[in-house]
Amino acid sequence: MTTTADPTVHDVPEDAFPLETQALLLDMDGTLIDSGPSVERAWSTMLREFGSTADFGHAMHGRPARQVLGELLPELDEEQVVAAHARIEELEIADAETIRMLPGTERLLAELDAAAQQLGRSTWTIVTSCTRPLFEARWATTGLPLPDGLVTADQVTDGKPDPEPYLLGARRLGVHPIGALVIEDSVGGLRSGTDAGSRTLAVTSTTPASVLRPLADALITSLDDLEARAEGDMLRIARRGS
């Protein structure tokens, strides 16, 4: 699934804060929560169970499990892929209690909710490569409510890096993708957001900044770098304390 970005959208240099946007479309793993060790434990276990010596690398974060299975275990037939996918999800759900919120997550979401009250509309949602059951298991560890407009991997035909997930997220919030800001930590997620027509911020939590820099409009180290508030009928996203 593809889309064409509006030619009026311009690049955002790293020091170009504050940014104005209608809504934030947020990745979850590696952006809002730290699930990296859990993901890698689950994949390592599953791969060894299936007799593979392959490794799960940082470029595989943020992508639907079935896509990654096709790359790491191309010899599997469809029945085996289904079994491997089920095993990965089983292992990751069982390990969900190890998940921790990343710095800035709770505060920034509270600021976005306060802005939503002022604006009279939703200001953020999550667009994740987790299935709904895995999302719910991980998100439950945060104690935070489910966002309006949530998009999970089992709700789209083509997952990240295809733009479909972010196009759907924008549509569910009632904004044009060009008016949304995507925050991601992975290569696939940034490509998905960019191809949807949105501006992007990269969080350097799971992937080296040198890899993310060419794919994003700006870089941050964590959500703790940001603050959000309503300004007029828009969201103002600034570097914290600026």
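Going by the annotation in an unreviewed UniProt entry, the name recorded for the protein chain is HAD-IA family hydrolase, with Candidatus Brachybacterium merdavium given as the source organism.

A. Quick peek at the overall build of the protein chain. Of the regular secondary structure elements, the protein chain holds 8 helices and 10 strands. Relative to a compact globule of 242 residues, whose C-alpha radius of gyration would be 18 Å, the protein chain shows 17 Å and is just as compact. Expressed as a percentage of the 242 residues in the protein chain, the buried residues total 52%. A separation of at least 24 residues holds for 63% of the contacts in the protein chain among residues at least 6 apart in sequence. For the protein chain, the exposed surface amounts to about 10600 Å²; the carbon and sulfur share of it is 50%. Seen as two clouds, the 20 positive and the 39 negative side-chain charges of the protein chain have centres 3 Å apart.

B. Highlighting the nonpolar core. Of all hydrophobic cores here, the largest spans 33 residues; its most connected members are Leu112, Trp139 and Leu226. The element contributing the most residues to this core is helix α4 (residues 105-119), with 5 residues. Apart from the residues lying within four places of it in its own chain, the contact partners of Leu226 are Phe17, Arg107, Leu108, Glu111, Ile183, Leu201, Ile220, Ile237, Ala238 and Arg240. Core analysis: the second largest hydrophobic core is formed by 18 residues, Ala42, Trp43, Met60 and Val68 among them.

C. View of the packing of aromatic side chains. Taken as a whole and judged by the stated rule, the model has 2 aromatic pairs. Aromatic pair Phe135 and Trp139: ring centres 5.9 Å apart, planes at 15°, arrangement stacked. Taken as a pair, Phe135 and Trp139 lie in helix α5 (residues 132-139) at a separation of 4 residues, close to a single helical turn. For the residue pair Phe135 and Trp139, the accessibility class agrees, reading buried in each case.

D. The sheet that holds strand β10 (residues 234-239), seen in detail. Here 3 strands make up an open sheet; going across it, the order is β1-β10-β9 and the pairing antiparallel. What marks the edges here is a single partner per strand, and that holds for β1 (19-21) and β9 (226-231). Here the average twist between neighbouring strands, direction ignored, is 30°. Bridging between β1 and β10 involves 3 bridges; their strand directions are antiparallel. Bridging from a neighbouring strand, Glu20 pairs with Arg236 of β10. Sheet strands in contact with α4 are β9 and β10, and its direction is about 5° off that of β9.

E. Layout of helix α6 (residues 164-173). Here α6 lies mainly inside the structure; 8 of its 10 residues are buried. Contacts from the buried residues of α6 go to β2 (23-26), β5 (124-126), β6 (180-184) and α7 (187-196). Count one or two residues on from α6 and you reach Gly174, which has phi positive near 75°.

F. How the structure looks around the packing of helix α1 (residues 36-49) against helix α3 (residues 78-94). Axis separation between α1 and α3 bottoms out at 9 Å; the angle between their running directions is 140°. Here α3 runs oblique to α1, going by the angle between their axes. For the pair α1 and α3, the crossing hand works out as right-handed. Contact residues: Ser38, Val39, Ala42, Trp43, Thr45, Met46 and Glu49 in α1; Ala84, Arg87, Ile88, Leu91 and Glu92 in α3.

G. Structural view of the pattern of salt bridges. For the coordinates displayed, the defined rule picks out 15 salt bridges. A salt bridge links Arg138 to Asp29, with the nearest nitrogen and oxygen atoms 2.9 Å apart. Here Asp29 lies in the loop between β2 and β3 (33-34) and Arg138 lies in helix α5, a separation of 109 residues in the sequence. Overall, the relative accessible area of 15% leaves Asp29 in the buried class. As a salt-bridge pair, Arg66 and Glu78 come within 2.7 Å of each other at their nearest N and O atoms. Linking Arg66 in helix α2 (residues 65-72) with Glu78 in helix α3, this pair joins segments that are 12 residues apart in sequence. Judged by its relative accessible area of 39%, Arg66 falls in the partly exposed class. Judged by relative accessible area, Glu78 falls into the partly exposed class, the value being 48%. What emerges from the salt-bridge pattern is a single network uniting Arg107, Glu111, Asp224 and Arg240.

Definitions and limits used
- Residues numbered from 1 in each chain as written.
- Predicted model: local features only at pLDDT ≥ 70, side-chain atom pairs only at ≥ 80, totals over all residues.
- Heavy atoms only, no water.
- Helix = DSSP H or I, 4+ residues; strand = E, 2+ residues; numbered from the N terminus.
- Rg over C-alpha atoms; globule rule 2.2 N^0.38 Å.
- Buried < 20%, exposed > 50% of the residue type's maximum accessible area, 1.4 Å probe, protein only.
- Contact = heavy atoms within 4.5 Å.
- Areas by Shrake-Rupley, 256 points an atom, 1.4 Å probe, with all protein chains shown as cover.
- Lys, Arg positive; Asp, Glu negative; His and termini not counted.
- Charge placed at Lys NZ, Arg CZ, Asp CG, Glu CD.
- Core = buried A, V, L, I, M, F, W, Y, C linked by side-chain atoms within 4.5 Å.
- Phe/Tyr/Trp six-rings, centres within 6.5 Å; stacked < 30°, edge-to-face > 60°.
- Pairing = 2+ DSSP bridges.
- Axes fitted to C-alpha atoms, helices over the stretch in contact; angles between N-to-C directions.
- Parallel < 35°, antiparallel > 145°, perpendicular 65-115°, else oblique.
- Left-handed = near helix turned anticlockwise from the far one by under 90°.
- Salt bridge = Lys/Arg side-chain N within 4 Å of Asp/Glu carboxyl O.

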